[in-house]
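One letter stands for each residue in the lines below.
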Amino acid sequence: MTTEVKKLVVHYVDKDGDNTQIHLRNDEMPINERVNVFIEQLHHAYNGKPGKGFCAFSADKSSVVASAMQSYRNHELGFWQVTEQAATVLKEELDKYAFNETGYLVFCHYQYVAVDYILIALINIKEHYSITSELDLASSRHLDITRMQLAARIDLAAWDTQADDNRYISFIKGRAGRKVADFFLDFLGCEEGIDPKQQSRSMLNAVEDYLSEQGLDKAEKDERRREVFDYCNDRLSSGEDAQIDEIGKAISKDDENSFNDFYQQQNYDLAESFPVDKKTVTGMVKLSGMGGGVSVGFERKHLGERVIYDPVNDTLTIKGVPPNLKDQLEQLGKE
């Protein structure tokens, strides 16, 4: 077990139409092995969410949550009192919007691999059905962790040491539209800082420009792209930033300073460490697209060999059709 839970409080949020009700738990939840396992699962589910944004507390927005968090860290306020104040702000923000949110509001202070975090998440409920031994239908309610869309996590060490970077708080941008993510930032009193997609795109451009200048053949380029991608994917899995010097080691082989010197001389808009955007870095090793009812995806190393693109005729030729697709095509040909 790599997660150590220090504080956990869960409240219940119920909004139907214009009426928001928050049912407060009246104390902190006792910490036991079951709690530690739950938070570790929540931690990994949060890390696995793609497209996260990064932000910091803003002086131009409500300071209730930030002040309460700081008072807790100064031992001036209990953790439950922090959650009570935050829940009040959440209710006020929810009342401003038309969308409904029902679920459990989780506040947790935990440590993962010697780093302290405070995670705030609104987790929806999902109905599950089963058949009893008497062959009757039974239902139960479960926390839908994998589909959580409203969550943010404060890196307490980064808040202390790197506050000026404006990225010590991460949050799920979600797929329900910017309005939902904006609502959660307003609740926290935050403004968005570093853009993972822009940073990942700048890194990608720097890597491609560097590889083009090295006189490498296609296989060597593909190998080094894969090494950079594997490194970035590992950082995504651990929830950590990518480090430029580590990317330099992955791509420069014998001369680990070669890439670092290159990107600095070319003045790429790239921080020395940055959060990775998964979709962007996946483009290093895989190409995909869809439109007009057609979806195509393949490993980048096959371009020019098994997959031939003709820009003049706007065609894509695939040599060696995947067996499962080939079987379907052959069956259709028999009809």
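For the structure, see preceding data.
Residues numbered from 1 in each chain as written. Predicted model: local features only at pLDDT ≥ 70, side-chain atom pairs only at ≥ 80, totals over all residues. Heavy atoms only, no water.

1. Describing the overall build of the protein chain
1) Next: The secondary structure content of the protein chain amounts to 11 helices and 16 strands.
2) Next: Dimensions along the principal axes, computed over C-alpha positions, put the protein chain at roughly 65 × 60 × 40 Å.
3) Next: Looking at the 335 residues of the protein chain, the share that counts as buried comes to 41%.
4) Next: Intrachain contacts of the protein chain at a sequence separation of at least 6 include 65% that bridge at least 24 residues.
5) Next: With an accessible surface of roughly 18,500 Å², the protein chain has 46% of that area assigned to carbon and sulfur atoms.
6) Next: Once the 39 positive and 57 negative side-chain charges of the protein chain are each reduced to a mean point, those two points are 5 Å apart. (Helix = DSSP H or I, 4+ residues; strand = E, 2+ residues; numbered from the N terminus. Buried < 20%, exposed > 50% of the residue type's maximum accessible area, 1.4 Å probe, protein only. Contact = heavy atoms within 4.5 Å. Areas by Shrake-Rupley, 256 points an atom, 1.4 Å probe, with all protein chains shown as cover. Lys, Arg positive; Asp, Glu negative; His and termini not counted. Charge placed at Lys NZ, Arg CZ, Asp CG, Glu CD.)

2. Focus: the packing of helix α6 (residues 196–213) against helix α8 (residues 244–252)
1) Next: Interaxial distance between α6 and α8 falls to 12 Å at its minimum, and their mutual angle equals 30°. As summarised for this structure, α6 and α8 are arranged roughly parallel, according to the angle between their axes. Crossing hand, α6 versus α8: right-handed. Judged by residue contacts, Met203, Val207, Tyr210 and Leu211 of α6 engage Ile247, Ile251 and Ser252 from α8.
2) Next: Residue composition of the contact of α6 with α8, grouped by class: six nonpolar, one polar and no charged. (Axes fitted to C-alpha atoms, helices over the stretch in contact; angles between N-to-C directions. Parallel < 35°, antiparallel > 145°, perpendicular 65-115°, else oblique. Left-handed = near helix turned anticlockwise from the far one by under 90°. Nonpolar A, V, L, I, M, F, W, Y, C, P; charged D, E, K, R; others polar.)

3. Notes on unusual backbone geometry
1) Next: Even without glycine at this site, His75 takes up a positive phi of about 65°.
2) Next: Here His75 lies in the loop between α2 (64–73) and α3 (79–94).
3) Next: The class of His75 is exposed, set by a relative accessible area of 76%.
4) Next: In this model, Asp314 sits at a positive phi of 55°, which is unusual for a non-glycine residue.
5) Next: Mapped onto the elements, Asp314 comes out in the loop between β15 (307–310) and β16 (315–318).
6) Next: Judged by its relative accessible area of 61%, Asp314 is exposed.

4. Thoughts on the packing of α6 against helix α7 (residues 218–238)
1) Next: As a packed pair, α6 and α7 sit with axes 11 Å apart at the nearest point and diverge in direction by 155°. Between α6 and α7, the interaxial angle falls into the category roughly antiparallel. Viewed along their axes, α6 and α7 form a crossing whose handedness is right-handed. Across from Met203, Glu208, Leu211 and Ser212 in α6, the residues of α7 making contact are Lys221, Arg224, Arg225, Val228 and Cys232.
2) Next: Residues that form the contact of α6 with α7 fall into these classes: four nonpolar, one polar and four charged.

5. Notes on the sheet that holds strand β8 (residues 150–155)
1) Next: Strands sit in the order β2-β1-β4-β5-β8-β9-β3-β10 across an open sheet of eight strands; the sheet is antiparallel. If you trace the sheet from one side to the other, it starts and ends with β2 (19–23) and β10 (190–192), each paired once. Across the sheet, the mean angle from the axis of one strand to that of its neighbour is 25°, orientation sign disregarded.
2) Next: Pairing of strand β1 (residues 3–16) with strand β4 (residues 102–112), which is carried by 11 bridges, proceeds in the antiparallel orientation. In the sheet register, Lys7 faces β4, and the bridge partner there is His109.
3) Next: Each of β1, β3 (52–57), β4, β5 (115–123) and β8 touches α2; the most contacted strand, β5, lies at about 140° to it. (Pairing = 2+ DSSP bridges.)

6. Some thoughts on the packing of aromatic side chains
1) Next: Following the criterion strictly, the structure yields 10 aromatic pairs and no others.
2) Next: Ring plane angle 65° and centroid distance 6.2 Å describe the contact between Phe183 and Phe184, whose orientation is recorded as edge-to-face.
3) Next: Among the aromatic side chains, those forming a connected cluster through ring pairs are Phe57, Trp159 and Tyr168.
4) Next: The residue whose ring lies beneath Arg153 is Tyr117, and the NZ or CZ to ring-centre distance is 4.4 Å. (Phe/Tyr/Trp six-rings, centres within 6.5 Å; stacked < 30°, edge-to-face > 60°. Lys NZ or Arg CZ within 6 Å of the ring centre and 35° of its normal.)

7. Concerning a nonpolar patch on the surface
1) Next: Together, Ile318, Val321, Leu325, Leu329 and Leu332 line one region of the surface with nonpolar side chains, adding up to about 430 Å² of accessible area.
2) Next: With respect to the helices, strands and loops of the structure, Leu332 is situated in helix α11 (residues 323–334). (Patch = residues over 30% accessible without salt bridge, like charges linked within 9 Å, V, L, I, M, F, W, Y side chains within 5 Å. Salt bridge = Lys/Arg side-chain N within 4 Å of Asp/Glu carboxyl O.)

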